[in-house]
Structure formats: C-alpha cells, structure tokens
Amino acid sequence: MAAVGQGPAAAPCVTKVSLSVSCENLMDMDAFSKSDPLCVLYVSTSGAQWCEIGRTEKIMNCLNPKFSRSFMVDYYFEMVQKLKFEVYDIDSENSSLVDADYLGQLECTLGQIVSSRKFTKPLLLRDKRPAGRGTITICAEERTDNRVVDFEISARNLDKKDFFGKSDPFLEFYRETETGWQLCHRTEVIKCNLNPVWRPFRVSLQSLCNCDVEKSIKIDCYDYNNSGSHDFIGSLQASVSQIQQASQTYAAEFECINSKKKQKKKGYKNSGVIVIKKCKIIKEYTFLDYIMGGCQLNFTIAIDFTGSNGDPRTPQSLHYINPQGYNEYLAAIWAVGNVIQDYDSDKMFPAFGFGAMIPPTWQVSHEFPINFNPSNPFCAGVEGVVQAYQQCLPQVKLYGPTNFSPIINHVAQFGRQAMQQQTALQYFVLLIITDGVITDMDQTRTAIVNASRLPMSIIIVGVGGADFSAMEFLDGDDGILRSASGEPAMRDIVQFVPFRQFQNGPPEMLAQSVLAEVPGQVTSFFSAMSLRPPNSSDAPADPLTDQSLSA
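Below or above, wherever it landed, is the structure these notes cover. In every chain, residue numbers begin from 1 and rise along the written sequence. Only residues with pLDDT of at least 70 get local features here, since the model is predicted, and only at 80 or more are side-chain atom pairs given and counted; chain-wide, interface and lining totals rely on the full set of residues. Side-chain measures were taken over the full set of non-hydrogen atoms in the model, leaving aside hydrogen atoms and water.

1. Looking at the overall build of the chain
Working definition: helices are DSSP H or I runs of at least four residues, strands are E runs of at least two. Numbering for both runs from the N terminus. Per the secondary structure count, the chain includes 13 helices and 26 strands. Taking 551 residues into account, the globule formula puts the C-alpha radius of gyration at 24 Å, and the chain, at 26 Å, falls close to it. For the chain, the C-alpha atoms occupy an extent of roughly 85 × 65 × 50 Å along the three principal directions. Partly exposed residues are those whose accessible area sits between 20% and 50% of the maximum for their type, while under 20% is buried and over 50% is exposed, using a 1.4 Å probe and protein chains only. Here the chain holds 551 residues, and 50% of them are scored as buried. Note on definitions: a residue-residue contact is assigned when non-hydrogen atoms from the two residues lie within 4.5 Å. Taking all contacts inside the chain whose residues are at least 6 apart in sequence as the whole, residues at least 24 apart take part in 70%. On the chain, roughly 26500 Å² of surface is accessible, and the fraction owed to carbon and sulfur atoms is 51%. When charges are counted, neither His nor the chain ends are considered; positive counts come from Lys and Arg and negative counts from Asp and Glu. Every charge is mapped onto a representative atom, which is NZ of Lys, CZ of Arg, CG of Asp or CD of Glu. Each charge class in the chain can be summarised by its mean position, and for the 49 positive and 60 negative side chains these summaries are 8 Å apart. Within these notes, the globule rule equals 2.2 Å times the number of residues to the 0.38 power, and the radius of gyration is based on C-alpha atoms. In short, Shrake-Rupley with a 1.4 Å probe defines the accessible areas, and a residue's cover is counted only from the protein chains shown.

2. Concerning unusual backbone geometry
With omega at 0°, the peptide bond leading from P359 into P360 counts as cis. With respect to the element layout, P360 can be found in the loop between strand 19 (356-358) and strand 20 (363-365). The step from G400 to P401 runs through a cis peptide bond, and the omega angle for that step is 0°. At C211, a position not held by glycine, the phi torsion is positive, near 65°. Here C211 lies in the loop between helix 2 (205-209) and strand 13 (216-223). Residues other than glycine seldom take positive phi values, yet K347 does so here, at roughly 50°. Tracing the backbone shows K347 in the loop between helix 6 (328-340) and strand 18 (348-354). On the basis of relative accessibility, which here comes to 31%, the residue K347 falls in the partly exposed class.

3. What to know about the nonpolar core
Residues belong to a common nonpolar core when they are buried Ala, Val, Leu, Ile, Met, Phe, Trp, Tyr or Cys residues joined through side-chain atoms within 4.5 Å. Within the largest apolar cluster, 88 residues are counted, with the highest numbers of intra-cluster contacts made by F305, I408 and I432. Residue contributions to this core peak at 8 residues, all from helix 6. Setting aside chain neighbours within four positions, we find I432 in contact with A302, F354, F404, I407, I408, I458, I459, I460 and V461.

4. Brief notes about the packing of helix 6 against helix 7 (residues 381-392)
To get an axis, fit a line to the C-alpha atoms, keeping to the stretch in contact for a helix; angles then go from 0 to 180 degrees between the N-to-C directions. Direction vectors running N to C along helix 6 and helix 7 enclose 165°, while the axes themselves pass 10 Å from each other. One element, helix 6, and the other, helix 7, form an angle in the roughly antiparallel class. Crossing handedness for the pair helix 6 and helix 7: right-handed. For the pair helix 6 and helix 7, contact is made by Y329, L330, I333, W334, G337 and N338 and by V382, E383, V385, V386, Y389 and Q390, respectively. All amino acids are sorted into three groups, where Ala, Val, Leu, Ile, Met, Phe, Trp, Tyr, Cys and Pro are nonpolar, Asp, Glu, Lys and Arg are charged, and the leftover types, Gly among them, are polar. Here the residues of the contact of helix 6 with helix 7 are counted per class, giving 8 nonpolar, 3 polar and 1 charged. Should an angle lie under 35 degrees it is considered roughly parallel, over 145 roughly antiparallel, and from 65 to 115 roughly perpendicular; all remaining angles are considered oblique. With the far helix as reference, a near helix turned anticlockwise by less than a right angle produces a left-handed crossing, and one turned clockwise produces a right-handed crossing.

5. Details of the packing of helix 8 (residues 405-419) against helix 9 (residues 441-451)
Where helix 8 contacts helix 9, the two axes come as close as 9 Å, and the packing angle between them is 15°. In terms of orientation, helix 8 and helix 9 fall into the roughly parallel class. The handedness of the crossing between helix 8 and helix 9 is left-handed. Residue-level inspection shows S405, I408 and N409 of helix 8 in contact with helix 9, the latter providing Q443, T444, A447 and I448.

6. Side note on the sheet that holds strand 23 (residues 397-398)
Each pair of strands is called paired provided DSSP finds at least two bridges between the two strands. The strand order 20-19-23 describes an open sheet built from 3 strands, whose pairing is antiparallel. Whereas interior strands pair on both sides, the edge strands pair on one side only; in this sheet they are strand 20 and strand 23. Bridge count between strand 19 and strand 23: 2 bridges; the pairing is antiparallel. Residue pairing for strand 23: A356 is matched across the bridge by L398.

7. Overview of the pairing of strand 24 (residues 426-434)
Walk down a regular strand and you will see the side chains alternate between the two sheet faces. Of all the 9 residues making up strand 24, 8 are buried; the element is thus mostly covered by neighbouring parts of the structure. As paired strands, strand 17 (residues 296-304) and strand 24 are joined by 8 bridges and run parallel to one another. Across the sheet, the residue bridging to F299 is V429, located in strand 24. Judged from the 7 bridges that link them, strand 24 and strand 25 (residues 456-462) form a sheet pairing that is parallel. When the sheet's bridge partners are listed, F428 is paired in strand 25 with M456. By definition, the crossover connecting two strands over a helix is right-handed if that path, from the first strand to the second, turns clockwise as seen with the strands pointing away from the viewer. Regarding the hand of the β-α-β motif, the stretch spanning strand 24, helix 9 and strand 25 is right-handed.

8. Some remarks on the environment of Y268
Relative to the elements of secondary structure, Y268 occurs in the loop between helix 4 (259-264) and strand 16 (273-283). Each C-alpha atom, one on Y268 and one on I303, is 66 Å from the other, the two residues being 35 residues apart in sequence. Excluding its chain neighbours within four sequence positions, the residues that come into contact with Y268 are C256, I257, N258, K261 and K262. Reaching out from Y268, the side chain makes a polar contact with the side chain of S271 at a distance of 2.6 Å. Within 3.5 Å is the distance limit for a polar contact, defined as a pair of N or O atoms, with the added protein rule that one can donate a hydrogen and the other accept it, and that residues adjacent in sequence qualify only through two side-chain atoms.

9. Let's talk about the sheet that holds strand 11 (residues 180-186)
Read from one edge to the other, the open sheet built from 4 strands follows the order 11-10-13-14, with strand pairing classed as antiparallel. At either margin of the open sheet sits one strand with a lone partner, and together these are strand 11 and strand 14 (231-239). Here the strands of the sheet are splayed against their neighbours by 30° on average, with no regard to which way each runs.

And the structure:
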C-alpha cells in the first residue's frame, strides 16, 4: 500500500538480461576422456529455496567450455536477486543430474554480474573449498531488442576430415566485438555427412550482430571429434545485409574457406559451400506479450482412478484423504492450480477422471466428469475441483486400465477448434495426475504427436512410488517423440514430474517445476504458426524485419 500523500507505489522496473557462461580449468572426472560439462542456473525464491530456471547445452570432452546457450533473466534494480551456477560432468545421454559428477558452483547476485559485465570467479565445491583450479565467467548483456533471425542452413561438398568415414559437421556463429569474435550460437552435429542439412534455428539479432545488419558475422564449420579437439573445415564472413542481397531470388551460397589450406595448396577453391536457405528477421513475442495481449490459458485436470491406487478408505491408498485433508492428488491440484488459475479469466476448470467404473451403468470410463455432469464438467476454481474430487471418490469403483489417450484426444478437439480461428486467443494445458504405468502407450504416443500441432501442453504428475520410466519416455527431452507409425512430434509438449521429489518441500516448488516449460511452449507454438498476440498494438514491421529470404 502506498504511503498517504505519495500516490500509488511505482511498479518495479524490469530489464531483460542475457547471461552467457564459460569455464576454464574444470576438474577432469572421466578416466578415459575429459569431462562433459553442463551449467545449470538456479534463482533463490522465498524461503531460501533454489529453483532451476535453465541449463546450457552439454559439451563433450572439454575442460574449457564456452556454452552457446545463454540464460535470459529479468533484472530488477530494486531487488537483490540471488543466483547459483552449478557445473556438472554429465554421464548420461539424457543429461540427467542424478548420475552426474559435481564440478563446482558460484553463488552471486545478478547485480554483481550486471555491474561487472564480465564476472569471473573461482568455482567452489559445496563445502566452499576450491574446485581445483576451475573458474567460471559470466557475461551480462541487456536485451533491448526482441527481434530474432530465423535460419535454415545446409552445406554441400564439405572436406572429408575423418580417415575411416565422412566428416561430422557443425557450425558456430560469432559476432564481432571490440575484443574479438564472440560465440553466439552452435548448431547440432550432423553425423557422417558432407552435405548436411541442419535443423532450423533462431539467433537473437542483438547477440548475432548487436542489431547492426551491416556488421560482419563469422560462421565457422567444424568436424566433430569425440576427443573434444574438433577439426576446422572452413569459415565465412558476411553481414546479414549481404546475405539478404545475395538471396533476393535463390538461396545464398558462400564458399567455406580454410585460410591455411588456401595458402599451402595450389589450385585450392574452397572446403565446401554453405547454403543459407532462409534468413528472416522477425519480432519474437514473449509469454507476457501473449498473456497481456489477451491469450487465455485453459486448464483441464485429469485424475487417475485406477485400482492400483488402493482402496480410498484405507490409509495405504494414494486416494486416502487424511484427517488434515491431504493426499498427493490434492497436493498436486492445489500447487499447480493455484498458479495457473491466475491466467484463466473465468476460472472455470473442466475436471475429469479415468480408469473407474461409474454409476449408474458401472462401465469403465476414461474421460468422465468428476462432477458427473457431462453437459457442464466445469468446476469453479481450484476449490471447486477439490470439492468435486472429494465428492466423487466414494461414488466410483477404482478399476483400470490406465489409458491416457482418451483424455488427451478430448482436450485436443478444443485445441483444434481454436486453431480454426487463426488467432492466439486460446492455449490449453492438460494436467494428468497418475500413479501407474500407461497401458495404451501406442495410442498415447499418437495422441501426443497429434496434439503437438495444436495450442496444447500436457503436464503429468506421477504420485506414489511406481516405476515412471515410461513417463520419462513421453517427455521429449531425450529426443523427438514419435507415434507408433513413426510420425514425429512437431514440438515437445509433455512435462513429467514425479511428486516424490517434492513431497517434503513447499508446494510452490512442485508448481515451478511442472510449469517451467509452459511459457516457452506457448510462445514457440504461436511463433511457429506466425500468430501475434491478439491485442498487439505493434505497427507493421519495417522493411528489414518484413523481408523473408527463402529459397
């Protein structure tokens, strides 16, 4: 509340800051190779809890990594914002931290980094001892322009660098600074291919060329080696403007030049050709742009009523409500619902059950409204969902099997209707709370792949102590999910979290974990569909931004 006579309190002033990370002299934890480092950023929340807000990519066999994936954070001058950077040696394909070796950490404030711009400190172990000779450097840059460059790039006739096979090429993008070239993006590696086609990607215009399209950028091409010592294939330099001019009608083609080979080898032409099929500058809208522009999040809850939960009347059951009015299902509903209801204007949530026999026919249903009103399955707020759940429990018979596809397809039909409007007005979030292993995995995979093309996200919270490895498979963090027939998902829309990881912590920690990917999923979908925020007041793009350079 503002003091009398002082007028309303001013809103906090927020600035977007990009944080890039590099390390030197990391500890070598692998017996027969170098460490495979990855950096995780945590922010301190209320009650001194640390919440993960992002990870860099993993770099193989490297003790001096320069991570190309930066962190984007909101900087408030008025607040002390505590950050923790943790560096791990990753030993698993899915970049899990469970089996990773700890290489060190840095705790600091965002203010310290911003005031230094380039902040270098020793890495420490958890007991505050030095982590060998390891250091970490954080570079801060204010993000004042939210335009990005969409790239589609391929190459042909690259040099063969491997004795027993072809090259494994990848690209690194650098921008020109006063102190030299600074890495701003690294593509994925294409195995055993001299004519690679890289996945489309985006680079912020600011990090690429500091928003100066006449400024040179450098693109280096390397052959990936497991040892971490990658072979240089060649390089090119051009400005975004030059790429545009070279691409008025066809894709832009640039020779990939290895200057050492050019000096030594007579008749040297090039080490291949880099083909830039697309270079389109667009405005990248944020999650807040869409929410403040009128986009509604529609929240649907699906609750597992299969027999594996146990008899709700006994304390051993996951559906047993103790004298304090608590069970894991209720905890998940409260934690996630309390956050997401703020983004739903009418706060009316459809809530369904699956895997139970329901009256009066006592047939098994996999998408029944828990208020038993098929024409109006909506509950008033989170409190209404909780009340309907409590009243539903004694009226159904827990049975099975555990089928996910019916409820996913049910919500997907509303996403399909929303897409017909060709606006960014509606986005659907399905929360599935379950205790067991999916029995219709093939149908569920197909349903998720189909839903990935719709404005829809799926959150799965696993309660109890079951083996949830199948759920991890649905979460596309390990790779692209495919349907039973092999059709790939357009994007990763599933986030799975086991409740047991958070049962001893505050409820907001569960909510932060399960909702962490939703903002990115919302923005990436609407951006891919070229849909602006509904009430966007943006003027038409300038000629540079509006220019699409496609082959």
